[in-house]
Amino acid sequence: MNFDFTEEQLMLRKMVRDFAQKEVAPLAYEIDRDERFPYENWKRAGELGLLGITAPEKYGGSGLGVTEMSIVAEEIAAVCVSTCATIIHQACLVIDNFVKNASEQQKERYLPGLCSGEIIGCLAMTEPGAGSDVISMQLRAEKKGDGYVLNGAKTFITNGPNADLAMVYAKTSPELGSRGISVFLIEAGTPGFKKGKKFEKMGWRGSPTGELIFEDCYVPKENLVGNENEGLNILMSGLNSERVIMGVQGAGIARGALEACLAYAKERQQFGKPIAQFQMIQEKLANMYVDVEAGELLAYKGATLCDQGRAGEINKLAAAAKLFGSEIAMRATTEAVQIFGGYGYMKEFPVERYMRDAKLMQIGGGTSEIQRHIISKQLLS
Ligand SMILES: Cc1cc2nc3c(=O)[nH]c(=O)nc-3n(C[C@H](O)[C@H](O)[C@H](O)COP(=O)(O)OP(=O)(O)OC[C@H]3O[C@@H](n4cnc5c(N)ncnc54)[C@H](O)[C@@H]3O)c2cc1C
């Protein structure tokens, strides 16, 4: 395993770090306060080729891999998790999924707009009654004439309130259980498809989350992604790379918290010296550093294996990367608030936002309990 980035990857990292620090960070407070979509960052991410990072160049993508997507996720998460979630949802869950599973016609129609950011996409699996047990989804797609009629609802959908295009998982053959799921592309404005509530959230406030409602929504068969009842395969095709990316995102959050703490601890004076000189603060900083390094190693190992075409072999490692990234993000941001003391609790410093944003890492994209379940099941099999 090679632990060095290539020259091209280092250049990408520099470019994304500049974007993150000069353009994303200055807006982070405002988009969190106003709970608004980061349009400025979104547009720039499209121009810089970050949305379509894994899409082939002929569709307007950058033609790169999971390692490069991880670099993007880590650098943006280190300054603003909301912006990272918004961008990575499009890059990973929508565009990468399209690249792997959509037909040539679907790619030609939608990928250029998705890569430029002109089309905001979302991926909808979760339902009010189907979260961790997502396979128990109830949204029904019944065959009718040359298409399907959808009835039901999705919830907690990232970018859903702003989406122009939704990739929606539905049951075409409920009697087949997990083997009866199919995936549909549904454009905003399609009769019978409407946006429900936009949620008010603790964190990820710049990344809109909402409900999608389907009432006798007809879609032609051309909107089916892959074949009927192939939804489970489509779901599985991206699962491990998605978990690896979430792991890197967690390491990025922890790194952002560590960087903020290093600067603050050297500057803040108590008892006549910088708090960085107290051993109990040093212990926290050292622990955070170990977590960041370990989180990066685990997640980038996963990314490298995905890029070697071995994503299908790494269920337990990808779950471990997601789990560890989520836990270190929460741990580091909680310690960061502690290191900042009273100021850590105030909105004039970013660490309280980091902590609120980190909490979602243990819930979204499969909870920490579910990752532990996946790992232990495989260990014991
Ligand atoms: C901000 C946000 C954005 C999201 N974005 C999307 C999106 O874009 N698309 C999408 O489809 N979904 C999205 N989700 C949904 C997310 O994936 C689910 O919230 C998550 O999978 C957990 O499901 P749940 O919330 O229904 O919790 P539940 O499944 O109800 O879990 C409740 C608790 O029970 C525990 N639990 C459940 N089953 C087990 C078990 N077998 N063993 C032990 N403990 C268990 C869980 O770990 C958790 O602690 C998003 C969620 C949020 C909050």
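Residues numbered from 1 in each chain as written. Predicted model: local features only at pLDDT ≥ 70, side-chain atom pairs only at ≥ 80, totals over all residues. Heavy atoms only, no water.

Run through the domain arrangement of the protein, naming residues and quoting values.
Along its sequence, the protein is carved into domain 1 (7-119), domain 2 (122-229) and domain 3 (232-380). For domain 1 and domain 2, the distance between their C-alpha centres works out to 23 Å. Each side of the interface is counted separately: domain 1 has 26 residues, and domain 2 has 25 residues. Among the residues of domain 1 in contact with domain 2, Glu35, His89 and Gln106 are the three that bury the most area, contributing 30% of the side total. At the junction of domain 1 and domain 2, the tally comes to 3 salt bridges. Arginine 205 serves as the salt-bridge partner of aspartate 32, at 3.9 Å between the closest nitrogen and oxygen. Our count for the domain 1 to domain 2 interface comes out at 14 residue pairs in polar contact (both at pLDDT 80 or more). (Domains from an automatic or database assignment. Contact = heavy atoms within 4.5 Å. Buried area = accessible area lost by both parts, 1.4 Å probe. Salt bridge = Lys/Arg side-chain N within 4 Å of Asp/Glu carboxyl O. Polar contact = N/O pair within 3.5 Å; in protein donor to acceptor, adjacent residues only side chain to side chain.)

Pulling in residues and values, what's your account of the nonpolar core?
Side chains that are nonpolar tend, in soluble globular proteins, to be buried together. If you look at the biggest cluster of nonpolar residues, it comprises 75 residues, and the most contacted ones within it are Leu50, Ile76, Ile88, Phe98, Leu114 and Tyr169. Element by element, the count of residues in this core is highest for helix α4 (residues 81-101), at 10 residues. Excluding anything up to four places from it in sequence, leucine 50 contacts Leu12, Met15, Val16, Phe19, Ala45, Val72, Ile76 and Ala91. The next biggest cluster of nonpolar side chains, apart from the first, holds 22 residues, and it includes Tyr264, Met288, Ile328 and Val351. (Core = buried A, V, L, I, M, F, W, Y, C linked by side-chain atoms within 4.5 Å. Buried < 20%, exposed > 50% of the residue type's maximum accessible area, 1.4 Å probe, protein only. Helix = DSSP H or I, 4+ residues; strand = E, 2+ residues; numbered from the N terminus.)

Can you explain empty space enclosed by the protein? Please cite residues and give values.
Summed over the entire model, instances satisfying the criterion amount to 2 cavities of 30 Å³ or more. By volume, the largest cavity is sized at about 40 Å³. Leu93, Asn97, Leu123, Met125, Tyr169, Ile234, Leu235, Leu239 and Glu242 together form the lining of the largest cavity. Elements that contribute at least two residues to the lining of the largest cavity include exactly α4 and α6 (231-267). (1 Å grid on protein atoms, 1.4 Å probe; cavity = no way out; pocket = protein on both sides within 12 Å on 5 of 7 lines; lining within 4 Å. Points joined across faces, edges and corners; volume = space filled by probe spheres on them.)

Let's hear about the packing of aromatic side chains: which residues, and what values?
One pass over the full model with this rule turns up 12 aromatic pairs. For the ring pair phenylalanine 5 and tyrosine 300, a centre distance of 5.2 Å and an interplane angle of 75° mean the geometry is edge-to-face. Taken together, the residues span a long stretch of sequence, with phenylalanine 5 in the segment before α1 (7-34) and tyrosine 300 in helix α7 (residues 279-307) at a distance of 295 residues. Ring centres 4.7 Å apart and planes at 50° place the aromatic pair phenylalanine 37 and tyrosine 39 in the tilted group. You can call phenylalanine 37 buried: its relative accessible area is 4%. (Phe/Tyr/Trp six-rings, centres within 6.5 Å; stacked < 30°, edge-to-face > 60°.)

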